[in-house]
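The chain contents come next:
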Amino acid sequence: EVKMKVTLPYSLAEFEDNKDKLVAAFADAAGVEASQVSMTATEKDARRRLLASVDVDVTIKMASESAAAAVLGSLSAESINAKLSEQGLEQATVLEAASVETIDVGGGSGAGVLAP
């Protein structure tokens, strides 16, 4: 999968209201289906902010590590913000650039498994 983190100038409620458009914008930028994109937002410290903003963890599920690597170049701040603009949304600030994260689907150590 591909992971990245951005800041968006929205409250948590505004993020939820616009989530479908946000997912569509990131999917368009990556060249994937919206169903492959998930987002989780965390509101920034409300006491210190003058403007509402949320930090958003973006995860894009990919079929393989090579497919994930292929979309990294598509996820620049410029391409993401162009797609956000097309959706009528505010611009994002990239906090953590897109990177490929491998998922271990193997059996693991077997810890916690009791033998009969």
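For the structure given in this document, a descriptive report is provided here. In this text the structure is predicted, and so the values were computed from the model without any measurement. (Residues numbered from 1 in each chain as written. Predicted model: local features only at pLDDT ≥ 70, side-chain atom pairs only at ≥ 80, totals over all residues. Heavy atoms only, no water.)

1. Concerning the side chain of threonine 59
Counted only if it meets this: Per the convention used, a helix needs a DSSP run of H or I reaching at least four residues, while a strand needs a run of E reaching at least two, with both numbered from the N terminus. Between buried and exposed lies partly exposed: a residue is buried under 20% and exposed over 50% of the maximum accessible area for its type, with that area taken using a 1.4 Å probe on protein chains only. Each polar contact in these results corresponds to two N or O atoms within 3.5 Å; when the atoms are within protein, one needs to be able to donate a hydrogen and the other to accept it, and residues that are neighboring in sequence are counted only if both atoms are side-chain atoms. When checking whether two residues touch, look at their non-hydrogen atoms; a contact exists if any pair is within 4.5 Å.
By secondary structure assignment, the location of threonine 59 is in strand S3 (residues 54-60). Residue threonine 59 is classed as buried on the basis of its relative accessible area of 10%. At a separation of 3.5 Å, a polar atom in the side chain of threonine 59 contacts the side chain of lysine 3. When residues no more than four places from it in sequence are discounted, the contact partners of threonine 59 are Glu1, Val2, Lys3, Gln36, Val37 and Ser38.

2. Details of the pairing of strand S1 (residues 2-8)
Spelled out, the test is: By this definition, two strands are paired if DSSP reports at least two bridges between them.
With 5 of 7 residues buried, S1 is to be regarded as a mostly interior element. Here 7 bridges tie S1 to S3, and the two strands are oriented antiparallel to one another. From the neighbouring strand, threonine 7 faces S3, where its bridge partner is aspartate 55. With 5 bridges connecting them, S1 and strand S4 (residues 93-100) associate as antiparallel partners. Each bridged residue has a counterpart across the sheet, and for threonine 7 the counterpart in S4 is threonine 93.

3. Side note on the pairing of S3
By the criterion of burial, S3 is predominantly enclosed, with 6 of the 7 residues buried. Here 7 bridges tie strand S2 (residues 37-43) to S3, and the two strands are oriented antiparallel to one another. If you follow serine 38 over to S3, its bridge partner there is threonine 59.

4. What about a negative patch on the surface?
Filter applied, for reference: Think of a patch as exposed residues, more than 30% relative accessible area, with no salt bridge, where like charges cluster within 9 Å and nonpolar side chains (Val, Leu, Ile, Met, Phe, Trp, Tyr) cluster within 5 Å. Each accessible area is a Shrake-Rupley estimate made with a 1.4 Å probe; only the visible protein chains count as cover when residues are assessed. Each salt bridge in this description consists of a side-chain nitrogen of Lys or Arg and a carboxyl oxygen of Asp or Glu lying within 4 Å of one another. For the purpose of charge, His is not counted, nor are the chain termini; Lys and Arg are scored as positive and Asp and Glu as negative. A single reference atom marks each charge: NZ on Lys, CZ on Arg, CG on Asp, CD on Glu.
A cluster of like negative charges, contributed by Glu14, Glu16, Asp17 and Glu90, occupies part of the molecular surface. Along the chain, glutamate 16 falls in helix H1 (residues 12-30).

5. What about the environment of glutamine 36?
Within the secondary structure, glutamine 36 sits in the loop between H1 and S2. For glutamine 36, a relative accessible area of 23% translates into the label partly exposed. Sequence spacing of glutamine 36 and valine 23 is 13 residues, and the spatial spacing of their C-alpha atoms is 9.1 Å. Other than its neighbours up to four places away in sequence, glutamine 36 contacts Thr59, Ile60, Lys61 and Met62.

6. Focus on the pattern of salt bridges
Enumeration over the complete set of coordinates arrives at 4 salt bridges. Residue lysine 5 pairs with aspartate 57 through a salt bridge whose shortest N-O separation is 3.8 Å. You can see lysine 5 sitting in strand S1 and its partner aspartate 57 sitting in strand S3, a full 52 residues away along the chain. When its relative accessible area of 33% is taken as the criterion, aspartate 57 is described as partly exposed. The partner of lysine 83 in a salt bridge is glutamate 86, with the nearest N and O atoms 3.9 Å apart. Note that lysine 83 and glutamate 86 are positioned in helix H3 (residues 77-86) at a spacing of 3 residues, about one turn of the helix. Residues participating in the shared-partner salt-bridge network are Glu1, Lys3 and Lys61.

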